[in-house]
Each structure stands twice: as C-alpha cells, then as structure tokens.
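Each chain, written out:
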Amino acid sequence: MLDPQNVTIDAESGAIAPETEHYEKRLSDLRQIFADRIALDRMVGEEGDRLVYQVRAFRKNESDLWFGTTTIEPGRVGSEYFMTRGHFHKRHDMGEVYHTQAGKGLLLLQARDGRVEILEMHPGSCSFIPPDWAHRSINVGDDRLVFVWVCNVEAGNDYGELEKGMQRRVIAGVSGPEMIESGVRG
Ligand code: MN
C-alpha cells in the first residue's frame, strides 16, 4: 500500500519537488513539427539550440495515476509559436487533465475521426482531454506557459499517429494567434 504524499509545484517555473522524471526538448529535437525548417535552422545557427519545452513528473511505482508539469518557453519559429510535439495516447480509453498555472496558451485537439477543437489555456483553466483526442499545447503569450497534467500511468504517448502532423497550425497573425489549415488530413 502506498502512502499519501504532497508534491510542491512552482507555478512560474514548473519545477516540482520531489521530481522523478525530467526531459527537455530543444529546437533541434523538434525539426519535424515546425513548418518553417529554414527559419528553425537559422535560429539554431544564430541563437543556439534553444530550449522549447520541458516535462517534469512525479511517478510512484504501483500507482494508477501520475502527474507533472509541462513548461513551454515563449518564442516562435517563423510565424509559428513554440509548442509541444502532440500525441495520442496508446490507450484509446484514457484521457488527461491539463490545469494551467501560468501564461497564455492554446490547446489544439484532434479526434481520431478528424474533428478539431481548440481550448484556451490560462491560469485557472482546467482542460478535460477526452480519450482518443490527440493534444498539443501552444504558447501564444510572451511569458512561459506552465500547466500541470494528470493521467493514468498506462495511458502512454503515441507520437507515430501524428507523424504527418496535425490538421491545423497556430501562427502569429497581425492581431494575434490565427489557426490555419496545415494541409495534413486526419
Ligand atoms: Mn497526453
């Protein structure tokens, strides 16, 4: 039997304590998800291989749930905002919850039947991601976007399903974020 426990989460940085897992994604790791690869290569050349996002988690052996934070830096590749890779879950019957702590984002969702939805992320928003909806979070603000996620340990991330990309992209338009067709069919 597991013992109850508190985990401390810093809303501004996404740091969690204790932390059991941590990974980072930099520009060079995300070459396939951004539309403008010339702009990406130019950025890496001029500014270095900048951090785009990091994921930190708290996971207990034998638990059914785990949780953690995702922190997306502000920035753009060409006109496209910094974002996560996006994934379906391996388990088609398991969803997730995203509770935004800081910043301003958009949660792009794509169902297996092709439907697309977008939810706003802001401090206080708690987004329900139903099973079988792919999800990608996008930082459309000037500060870090930090959110807490909670899901089943069995859910798993399936990136292969989105290898061609998602159906929509979010770019910076003249008066704010705009959603455009990516040309990929779901
Ligand atoms: Mn997920």
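With an unreviewed UniProt entry as reference, the protein is termed glucose-6-phosphate isomerase, source organism Rhizobium meliloti. Comment text from UniProt for the protein, heading Sequence similarities (unreviewed entry), reads "Belongs to the archaeal-type GPI family." Looking at the protein in UniProt, the text filed under Pathway (unreviewed entry) is "Carbohydrate degradation; glycolysis; D-glyceraldehyde 3-phosphate and glycerone phosphate from D-glucose: step 2/4."

Caption draft 1: Quick peek at the state of the cysteines. Evaluation of the coordinates by the stated rule reveals zero disulfides. Distance from the sulfur of C126, which forms no disulfide, to the nearest cysteine sulfur (C151) is 13 Å. Judged by its relative accessible area of 52%, C126 falls in the exposed class.

Caption draft 2: Region of the structure containing unusual backbone geometry. The step from A17 to P18 runs through a cis peptide bond, and the omega angle for that step is 0°. Topologically, P18 is positioned in the loop between β2 (16-17) and β3 (21-26). The phi dihedral of E62 is positive, around 75°, even though this residue is not glycine. As for its position among the elements, E62 is in the loop between β4 (51-58) and β5 (65-72). Classification of E62 as exposed rests on a relative accessible area of 77%. In this structure, D132 takes a positive phi of about 70° despite not being glycine. Of the residues examined, D132 reaches a relative accessible area of 25% and is grouped as partly exposed.

Caption draft 3: The arrangement of the coordination of the manganese ion in detail. Protein coordination at the manganese ion: the donors are H87 (NE2), H89 (NE2), E96 (OE) and H135 (NE2), at 2.0 to 2.3 Å from the metal. The sequence pattern describing where the donors of the manganese ion fall on their chain is H-x1-H-x6-E-x38-H. You can see H87 sitting in the loop between β7 (80-81) and β8 (88-89) and its partner H135 sitting in strand β13 (residues 133-139), a full 48 residues away along the chain. Pair check on accessibility: H87 and H135 agree, each one buried.

Caption draft 4: Structural detail: the pattern of salt bridges. Summed over all chains, the structure comprises ten salt bridges. In this structure, the salt-bridge partner of R26 is E24, at a minimum N-O distance of 3.2 Å. Overall, the relative accessible area of 30% leaves R26 in the partly exposed class. Judged by its relative accessible area of 37%, E24 is partly exposed. Among the salt bridges present, the one from R91 reaches D93, with a minimum N-O distance of 2.9 Å. In the salt-bridge network here, residues are joined through shared partners; they are R112, D132 and E161.

Caption draft 5: Fine view of a negative patch on the surface. On the surface, D10, E12, D142 and D143 cluster together into a negatively charged patch. Structurally, D10 can be placed in the loop between β1 (8-9) and β2.

Caption draft 6: Summary view of the side chain of T70. The residue T70 is located in strand β5 in this model. By relative accessible area, which is 5% here, T70 ends up buried. Among the polar contacts listed, one links the side chain of T70 to the side chain of W149, at a separation of 3.4 Å. Leave out the neighbours within four places in its chain, and T70 touches Y53, Q54, V55, T84, L145, V146, F147 and W149.

Caption draft 7: View of the environment of G75. Take G75: it is sitting in the loop between β5 and β6 (76-77). You can call G75 buried: its relative accessible area is 18%. It is 14 Å that separates the C-alpha atoms of G75 and D36, two residues lying 39 residues apart in sequence. Excluding residues within four positions of it along the chain, G75 makes contact with R50, E80, Y81 and F82.

So, how was this worked out
Residues numbered from 1 in each chain as written. Predicted model: local features only at pLDDT ≥ 70, side-chain atom pairs only at ≥ 80, totals over all residues. Heavy atoms only, no water. UniProt positions renumbered as here; feature names shortened; annotations may be inferred. Disulfide = S-S within 2.5 Å. Buried < 20%, exposed > 50% of the residue type's maximum accessible area, 1.4 Å probe, protein only. Helix = DSSP H or I, 4+ residues; strand = E, 2+ residues; numbered from the N terminus. Donors = N, O, S within 2.8 Å, 3.2 Å for Na, K, Ca; no water. Salt bridge = Lys/Arg side-chain N within 4 Å of Asp/Glu carboxyl O. Patch = residues over 30% accessible without salt bridge, like charges linked within 9 Å, V, L, I, M, F, W, Y side chains within 5 Å. Areas by Shrake-Rupley, 256 points an atom, 1.4 Å probe, with all protein chains shown as cover. Lys, Arg positive; Asp, Glu negative; His and termini not counted. Charge placed at Lys NZ, Arg CZ, Asp CG, Glu CD. Polar contact = N/O pair within 3.5 Å; in protein donor to acceptor, adjacent residues only side chain to side chain. Contact = heavy atoms within 4.5 Å.

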